[in-house]
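So the chains spell out like this:
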Amino acid sequence: MHDDRTLVESRLKRVLDERIRPAVHPASVPLEVSVWTAPGEPVPVAEGLAAPRTPIAAGDAWGAPWGTSWITVTGTVPAEWAGRTVEALLDLGFDANMPGFQCEGLVYRPDGTPVKGLNPQNQWVRIAAPAAGGERVELHVEAASNPVILDYHPFLPTELGDRETAGSELQYKLARMDLAVFDETVWELVMDLEVLGELMAELPVEGARRWEVLRAVERALDTVDLQDVNGTAAAARAQLAGVLASPAAPSAHRISAVGHAHIDSAWLWPLRETVRKVARTTANMTALLEDEPDFVYTMSQAQQYAWIKEHRPEVYARVKKAVADGRFVPAGGMWVESDTNMPSSEAMARQFVHGKRFFLEEFGVENQEAWLPDTFGFTGGLPQIIRNAGSKWLLTQKISWSQVNRFPHHTFLWEGIDGTRIFTHFPPVDTYNCSMKGSEIAHAARNFKDKGVARHSIAPTGWGDGGGGTTREMVAKAARLRDLEGSATVRWERPADFFAKAQAEYPQPPVWVGELYLELHRATLTSQARTKQGNRRSENLLREAELWCATAALRTGLPYPYEELDRIWKTVLLHQFHDILPGSSIAWVHREAEATYAGLAAELERLIGRAQQALAGDAAGGRALVFNAAPHARAGVPAGGAAAAPDGGSGCSVTARAEGGFVLANGLLSVTVDGDGLVVSAVDLATGRETVAPGARANLLQLHPDFPNMWDAWDVDQFYRNTVTDLTAADSVAVVADTPDAAAVRVTRSFGASTAVQTLALHAGERRLDIDTEVDWHETEKFLKAAFPLDVHTERYAAETQFGHLYRPTHTNTSWEAAKFEACNHRFVHLDEPGWGVALVTASTYGHDVTRTVRDGDGGTTTTVRFSLLRAPRFPDPRTDQGLHRFRHALVPGAGIADAVREGYLISLPERTVTGSVDAVRPLVELDADALVVSAVKLADDGSGDLVVRVYEAHGGRARGRLGTSFPLAGAVPCDLLERPWDGTRGEVTADGDGVTLALRPFELVTLRLTPASPAS
Ligand SMILES: [Zn+2]
């Protein structure tokens, strides 16, 4: 027969758009609308409900940026609607395409009970079904006029991202505010036609099924009377029943749909708005769970539950009930969906401790899956942390965003740096905002890389990012896709049920070893440097606070600050959310983060000071005591203890060079700084080995243009390297220290509108060139790097990550290696030839790159390491990173991996001198093997008084040693991260009266709960 396919398809589109969808609400009357605009920040519900209203009408403008308007609608259900289903349709002026990125509302009854959230895809509120007629309607909407930051012309700089700069121009026009009749039969017809129309478009044109669906659709359209859609919808549906009833093929892909709203805890909105976003979405979702018996919803991020518990207790009560029913599923077991590249070992562990503990205490639920759909890459340290938290699965879809290489699996075992393997799933639907469209379902089935050996995948379904969640339309579509010929099958399922099935059907999945690197968003390792430094400073101060407070508690009985540390940890964990720590949020978020970090630092300094003073004794004693929080002894001060301040060192010298510049020396290193203030030589005197590549100059600041094609704060595109300016001209190079204890020069440079002042120093007894950098940064769309060309020939280098380090190639043989042109380290980057190596250590710089160069003369290769100091993107924060920054780095010639580990800690944890009355403070625990490193010393969170010590093998080899305690030990038990007895520790752990013998495999971590026998002395 003749091919009329496109004719029928076009007909379907027009009739749906112009006739059938409008007939879902066939009759309506306008509601009376009035408004009160809150003068500043959001107000409590009672205040918003009670405030006086003024009239407003459809078409009127409302809502200054970030404002809150309390909108009241009143009306009466017409008598002639008796027996019909009646809904309020409340359109605040929505753009249908952008739920979560614009205005939103939460609807309340007059008594303050929340009803549901309003967003572009969810504008209805059920009034009565069936109506009696004559019902009085009164609803109140807490409407947030959040401005649009990211829209059809994305990434343009905007001042809307901070209340302080956003101005007062009204952002929205009130649209339809009606009472309307809801015709469920027409709505069901719309769902039938959408599902079949979308399925049809994915089916092969050569196949019979496509044509069977087409003919059924045509018959349904023939049956609809365009002048009486409501009267003929049921008959039209009958024409579709046959094709909808035809079952899926036995080999059909099986999709586990899980209701979801990936809500970013802050991003293009401030933290306080996320509190309300979560309340709106969860109100919608608990309502949908009541309406739809098969539906299952999952929400991650314990912090978001804690917010509703505190701010919207009525919504939280509904969540608790739905969790108890097993239909609202807490997922992920982390405090927030954090970044995983940058958080420290302990912080990454505590994300799970606080997340899982909250779910256990509030709901009695223990998660087995880590849920990180949107995080920008995953470190090789993470699998062991997941396992030690008592979890065993991981979900993310973000790697599908990689620019170059397609990941080869969707279901696989992910092996971390220590060998821990985690069963991991990437949803082949390639989105965490699935809306049950035919194209998404077909893509998931086609895209799934493990066909033939596995059949199941997961589809997180609902509006995310800015929230919204699953809609009744998505649920209706899922019901039709349950068992439909030509489609993958869809079932609502809990993540754990999916993982159990997926694991059972795929007993020997492929293995991926090492980090899951995201080939995108690489600049998130550098953007918003002050936020990153605030995070790193907080992590270090928390280590110190826990160590000294635990020591003071056991030694002096000083009360341990459980509540303060718990609260501070949760604040730090919140700010590791995957748009805060990565620097991709609006200016408001980063301005607040800097203030929050400053407050935490002050509070932690007080806790540390109080504990150290309790240990040091009366300051009137007049003895200077040096406290060392690092896990390695330094200058005679033991790790985790304190000792008398050492005498000044000796042996440093500064010599002026005839050709300009200076030679700094300390008996261990001889460092030559030329007249431009650049390091032309750094000789390790023990071996006579030169560190700097021949003819090159180290600590060279380099400036690149940096204007990525999109995602300004997130991305640096490879072409940035095509243009570079070496900042070689110095304003001054001057000696600032020339004493037996220190030799230092200061170099000042001006460039663009900015200045950089660097101090290069050698100290007595230290084989390390310290480099302190202060940049007053006023550039736009530039990338500042500090380059260290090193005379080391190597195929690979080590970069520190959580509980160890991983290796990356220094070459770009394949597209996978070439794509890693910007990568993450924690405290060090290390490279070596057999017997001799170099470390570059850093206090707060995460981004770096490593490249190879051919040596002049002999054709061998050298290796250049560059730290990424600063960027200046203009979206979403138009003034990102402007102003003063301070960095600390060090070059460590002759460093083995052990030196790299040690120096990384030392630069991060400077010693503190306290005046007291005692000679020394003995550490609570002492380790006798250099490779066994203490990650945390703290009191157990349960308040039992037990000491918790976390140790890991840091060199990448096997290590055996003894952890001695300076108090009588009643017992020692290996624990998981939540401090519960755990038999998952594979290394040897043997306790006796005054210590524990440990034998750990490479990078293994072990958490020990040590019970003191009696008060320690
Ligand atoms: Zn996100």
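Look a little higher up for the structure.
Residues numbered from 1 in each chain as written. Predicted model: local features only at pLDDT ≥ 70, side-chain atom pairs only at ≥ 80, totals over all residues. Heavy atoms only, no water.

This brings us to the pairing of strand E54 (residues 1005–1012). For E54, the tally of buried residues reaches six of eight residues, placing the bulk of the element in the interior. Of the pairings in the sheet, the one linking strand E49 (residues 947–953) to E54 comprises six bridges and is antiparallel in character. Bridge pairing in E54 places Tyr 952 opposite Leu 1005. Relative to E54, strand E51 (residues 969–975) is paired through six bridges, and the arrangement is antiparallel. Paired with Leu 969 across the strands is Pro 1012, a residue of E54. (Buried < 20%, exposed > 50% of the residue type's maximum accessible area, 1.4 Å probe, protein only. Helix = DSSP H or I, 4+ residues; strand = E, 2+ residues; numbered from the N terminus. Pairing = 2+ DSSP bridges.)

Cis geometry is found at the peptide bond from Ala 129 to Pro 130, where omega equals 0 degrees. Tracing the backbone through its elements, the reader meets Pro 130 in the loop between strand E9 (124–128) and strand E10 (136–145). Cis geometry is adopted by the peptide bond preceding Pro 876, which originates at Phe 875 and carries an omega value of 0 degrees. Relative to the helices and strands, Pro 876 is located in the loop between strand E43 (861–871) and strand E44 (883–893).

Attention shifts here to the coordination of the zinc ion. With distances of 1.9 to 2.1 Å, the protein atoms coordinating the zinc ion are His 262 (NE2), Asp 264 (OD), Asp 374 (OD) and His 578 (NE2). For the zinc ion, the four donor atoms are set out with angles of 92 to 158 degrees between them, so the coordination reads as irregular. For the zinc ion, the donor residues sit on a single chain with the sequence spacing H-x1-D-x109-D-x203-H. Placement of His 262 in the loop between strand E13 (254–259) and helix H6 (271–291) and of Asp 374 in the loop between strand E16 (369–371) and helix H10 (382–388) is noted, with a sequence separation of 112 residues between them. For His 262, a relative accessible area of 0% gives the class buried. According to the relative accessible area criterion, Asp 374 is buried, its value standing at 4%. (Donors = N, O, S within 2.8 Å, 3.2 Å for Na, K, Ca; no water. Tetrahedral: all angles 85-135°; square planar, octahedral: opposite > 155°, others 65-115°.)

Turning our attention to the pattern of salt bridges. Evaluation of the coordinates by the stated rule reveals 85 salt bridges. The shortest N-O distance in the salt bridge between Arg 210 and Glu 9 comes to 2.9 Å. Residue Arg 210 is found in helix H4 (residues 208–223), and its partner Glu 9 is found in helix H1 (residues 5–20); the two are separated by 201 residues along the sequence. On the basis of relative accessible area, Arg 210 is assigned to the buried category, the value being 7%. Using a relative accessible area of 24% as the deciding quantity, one classes Glu 9 as partly exposed. A salt bridge links Glu 18 to Arg 14; the shortest N-O distance between them is 3.0 Å. Of this pair, Glu 18 and Arg 14 are both found in helix H1, four residues apart, which corresponds to roughly one turn of the helix. (Salt bridge = Lys/Arg side-chain N within 4 Å of Asp/Glu carboxyl O.)

Here we come to the packing of helix H14 (residues 529–556) against helix H16 (residues 587–616). Relative to each other, H14 and H16 sit at 20 degrees, their axes nearing to 8 Å. Comparing their axes, H16 and H14 come out roughly parallel. Pair H14 / H16 crosses with left-handed handedness. Among the residues making up the contact of H14 with H16, the classes are represented as 17 nonpolar, eight polar and six charged. (Axes fitted to C-alpha atoms, helices over the stretch in contact; angles between N-to-C directions. Parallel < 35°, antiparallel > 145°, perpendicular 65-115°, else oblique. Left-handed = near helix turned anticlockwise from the far one by under 90°. Nonpolar A, V, L, I, M, F, W, Y, C, P; charged D, E, K, R; others polar.)

The buried count for strand E48 (residues 932–939) comes to eight of eight residues, which makes it a mostly enclosed element. In this structure, E48 lies alongside E49, joined through seven bridges in antiparallel fashion. By the bridge assignment, Val 937 is partnered in E49 with Val 949.

Turning to the packing of helix H9 (residues 345–363) against helix H15 (residues 562–574), a few remarks are in order. Running from N to C, H9 and H15 point in directions that differ by 105 degrees, and their axes come no closer than 10 Å. The angle between H9 and H15 falls in the class roughly perpendicular. The segment H9 lies against H15, with Glu 346, Ala 347, Arg 350, Gln 351 and His 354 engaging Asp 566, Trp 569, Lys 570 and Leu 573. Looking at side-chain class alone, the contact of H9 with H15 contains three nonpolar, two polar and four charged residues. (Contact = heavy atoms within 4.5 Å.)

Counting residues in hydrophobic clusters, the biggest one holds 211 residues, and the most contacted among them are Ile 20, Phe 328, Leu 947 and Leu 1010. A total of 12 residues in this core trace back to one element, the largest contributor, which is H16. Setting aside residues up to four positions removed in sequence, Phe 328 forms contacts with Thr 282, Met 285, Thr 286, Leu 289, Tyr 297, Met 299, Tyr 305, Val 319, Ala 322 and Val 323. Among the nonpolar cores identified, the runner-up in size contains 49 residues, and Ile 771, Phe 788, Val 829 and Leu 840 belong to it. (Core = buried A, V, L, I, M, F, W, Y, C linked by side-chain atoms within 4.5 Å.)

Just distances and angles here, no functional claims.
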